[in-house]
Amino acid sequence: MSCEKISNSLIAYLDGRASDSERGVVEAHLKLCAACRERAEEFRRLWQVMAEVPAAEPSLGFDARLRQRIATAPRSKFWGWMLPAPRFAFSVALLVALSIWVGARQPRSVNPQNAAAKSEEQFRMINNLGVLENYDVLSNFDALSDLPASTEPQPASEQGSGSGG
Amino acid sequence: MARSDVQLMLDVKAGDDVSFELLLHKYRTPLVHFLCRMVKDQAAAEDLAQEVFLRVYRARKEYSPSAKFTTWLFCIATNLALNAIRDGRYRQMQISIDAPADDDEPAFQLPAREARADDRLIERERNQMIRGAILMLPEKQRAAVVLHKYHDMDYAEIGKILGCSESALKSLLFRAYETLRVQLALLVARPAAQTAGEGKRI
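Within every chain, residues take consecutive numbers counted from 1 along the sequence as written. Think of it this way: whatever chain is written first is A, whatever ligand is written first is 1, and the rest follow in order. It should be noted that, the model being predicted, local features are given only for residues of pLDDT at least 70 and side-chain atom pairs only at 80 or more, the latter also being counted only at that level, while totals for whole chains, interfaces and linings use all residues.

Under the DSSP-based scheme used, a helix requires at least four consecutive residues in state H or I and a strand at least two consecutive residues in state E, with every element numbered from the N terminus. In terms of helices and strands, chain A carries eight helices and zero strands. The order of helices and strands in chain A, counted from the N terminus, is α-α-α-α-α-α-α-α. With C-beta atoms placed from the backbone, a residue is buried if 20 or more other C-beta atoms are within 10 Å of its own, exposed if 12 or fewer are, and partly exposed between those counts. By residue count, 8% of the 165 residues in chain A fall in the buried class.

Here's what the structure looks like:
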């Protein structure tokens, strides 16, 4: 097995948490690979070195300060349920604000010029209703449509004047 | 018989503040140690540790024992530390491995005869170097290393805290330790003389 493939099992092997199969694979590889043996040895030394570094102890006033913080922490408010999910709260607030903005914008979007043109067109149509209801006009339209196109003979006077010119 | 952490927390949920004091007493030091290794500065680490306990106390009414208490506690601590580091609140605490020691940690200036003081100084420099190398790791690798090395947590628990699978965690740990091995080669590599000696014997 390659060095790369055993790398993920190497830490578990060194800290003693590797499974039996993992341990077998790593041990077989370490027998053959000097570079990985050296690396494993350096990891062991690294852990020893890391263990030597102490961490700072909590200061003496830690508990007292915590108790004070707990005592002065504000009680959960009406909207306290939102605090664990600030992103959700922000999204809801944004959605509400957007809805209000769109709602407030809608009446203003009607253009007064368009409204005037529309009402003028309606007025013209109402005004023409009389023409459409006039029987004579309608019958004239019918008569015109019955006429044969360009078959009517020309008056004689027109023919004479035309040839004389 | 001592109550388990989960039982103590359930008692806190039921309104028993003494149980909260017991949990505070038990986990105050490990949490401060963990956070000190995450953000370096002790004041910042204590501030974050207090925030962890404050959140535990505030969340007591909603507590349900779905995981080990330590997993829950360190999950809160890790998230707070990672957020604080990413927000840049503790950016000034990200030190370089080559940076000089703090002002209260003077460089090598003591007379040679003061062997004890010298030793202390060398030890301090050495610790500073190791802490610096850990702090230089990417945040998630740093958290994995600190929980693995200093808190002796198993892979399943660290995986739950960091939100990754065991195999992803093993890979993360390998990369982190590999970086540390290279960064701290001065401390972990075998002395050249020893290697040369072995070569001669061969």
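So, about the overall build of chain B. Within chain B, the secondary structure is distributed over 10 helices and zero strands. Reading chain B from its N end, one meets helices and strands in the order α-α-α-α-α-α-α-α-α-α. Partitioning the intrachain contacts of chain B with sequence separation of at least 6 by distance along the chain shows that 63% fall at a separation of at least 24. Distance between backbone-placed C-beta atoms decides contact: two residues are in contact if it is within 7 Å.

Let us now look at the interface of chain A and chain B. At the junction of the two partners, chain A supplies 26 residues and chain B supplies 31 residues. Put simply, the parts of the chain that give the side of chain A that touches chain B at least two residues each are α1 (3-14), α3 (34-51) and α4 (62-72) of chain A. In terms of residue count, the dominant contributor to the side of chain A that touches chain B is α3(A) (seven residues). Three classes are used, and their members are as follows: Ala, Val, Leu, Ile, Met, Phe, Trp, Tyr, Cys and Pro are nonpolar, Asp, Glu, Lys and Arg are charged, and the others, Gly among them, are polar. Grouping the amino acids of the side of chain A that touches chain B by side-chain chemistry returns 16 nonpolar, three polar and seven charged.

For the rest of this paragraph, the subject is the environment of Val145(B). Residues and elements named next belong to chain B. If you trace the backbone, Val145 turns up in helix α6 (residues 139-150). Residue classification places Val145 among the buried residues on the basis of 21 C-beta atoms within 10 Å. Among residues more than four places away in sequence, those in contact with Val145 are Ile134, Leu137, Leu173, Ala176 and Tyr177.

Our next topic: the packing of α1(A) against α3(A). Between two packed helices, the angle of one axis relative to the other and the distance separating the axes together describe the packing. Residues and elements named next belong to chain A. Two elements in contact, α1 and α3, have axes separated by 11 Å at closest approach and are oriented at 30°. Classified by the angle between their axes, α1 and α3 sit roughly parallel to one another. Crossing hand, α1 versus α3: right-handed. Contacts between α1 and α3 pair Cys3, Ile6, Leu10 and Leu14 from the former with Ala35, Cys36, Ala40, Phe43 and Arg44 from the latter. Only C-alpha atoms enter the line fits that serve as axes; for helices the fit covers just the stretch in contact. Angles between N-to-C directions range over 0 to 180 degrees. These descriptions rest on fixed angle ranges, namely under 35 degrees for roughly parallel, over 145 for roughly antiparallel, 65 to 115 for roughly perpendicular, and the rest for oblique. We call a crossing left-handed when the near helix sits turned anticlockwise from the far one by less than a right angle, and right-handed when that turn is clockwise.

Remark: nonpolar core denotes a set of buried Ala, Val, Leu, Ile, Met, Phe, Trp, Tyr and Cys residues whose joining runs through C-beta atoms within 7 Å. The biggest cluster of nonpolar side chains holds 59 residues, and the ones touching the most others in it are Leu35(B), Val52(B), Leu73(B), Ala77(B) and Ala144(B). The residues touching Leu35(B), leaving out its near neighbours within four places in the chain, are Ala45(B), Leu48(B), Ala49(B), Ala77(B) and Ala81(B).

To continue, consider the packing of helix α2 (residues 17-39) of chain B against helix α3 (residues 42-58) of chain B. Residue and element names in this part refer to chain B. Where α2 meets α3, the axes come as close as 8 Å, and the angle between the chain directions of the two elements is 140°. Judged by the inter-axis angle, α2 sits oblique to α3. Both α2 and α3 take part in a crossing whose hand is right-handed. Between α2 and α3, the residues in contact are Phe20, Leu24, Leu31, Val32, Leu35, Cys36 and Val39 and Gln42, Ala44, Ala45, Glu46, Leu48, Ala49, Val52, Phe53 and Tyr57, respectively. Considered class by class, the residues forming the contact of α2 with α3 number 14 nonpolar, one polar and one charged.

Further remarks concern unusual backbone geometry. Of note, the phi angle at Asp152(B) is positive, near 50°, even though the residue is not glycine. Within the secondary structure, Asp152(B) sits in the loop between α6 and α7 (155-162).

Examined against the element boundaries, Val32(B) turns out to sit in helix α2. Distance in space between the C-alpha atoms of Val32(B) and Gln50(B) is 9.0 Å, their sequence separation being 18 residues. Non-local contacts of Val32(B), meaning those with residues more than four positions away in its chain, are made with Ala56(A), Pro58(A), Ala45(B), Glu46(B) and Ala49(B).

To continue, consider the confidence of the model for chain B. Residues and elements named next belong to chain B. The predictor attaches a confidence to each residue, and that confidence, scored 0 to 100, is pLDDT. Of the residues in chain B, 80% have a pLDDT of 70 or more, and the chain-wide mean is 84. pLDDT under 50 marks residues 92-110. Its contacts with residues more than four places away, or in other chains, come to 24 contacts. Quick note on the complex model: pTM equals 0.67, ipTM equals 0.80.

Moving on: helix α4 (residues 69-87) of chain B. Residues and elements named next belong to chain B. An expected span of 1.5 Å times one less than the residue number is assigned to each helix. Between its first and last C-alpha, α4 extends 27 Å over 19 residues, near the 27 Å set by a 1.5 Å rise per residue. Phe69, Trp72, Leu73, Phe74, Ile76, Ala77, Thr78, Ala81, Ala84 and Ile85 are the residues of α4 that are buried. Gly88 lies just past α4 and shows a positive phi near 85°.

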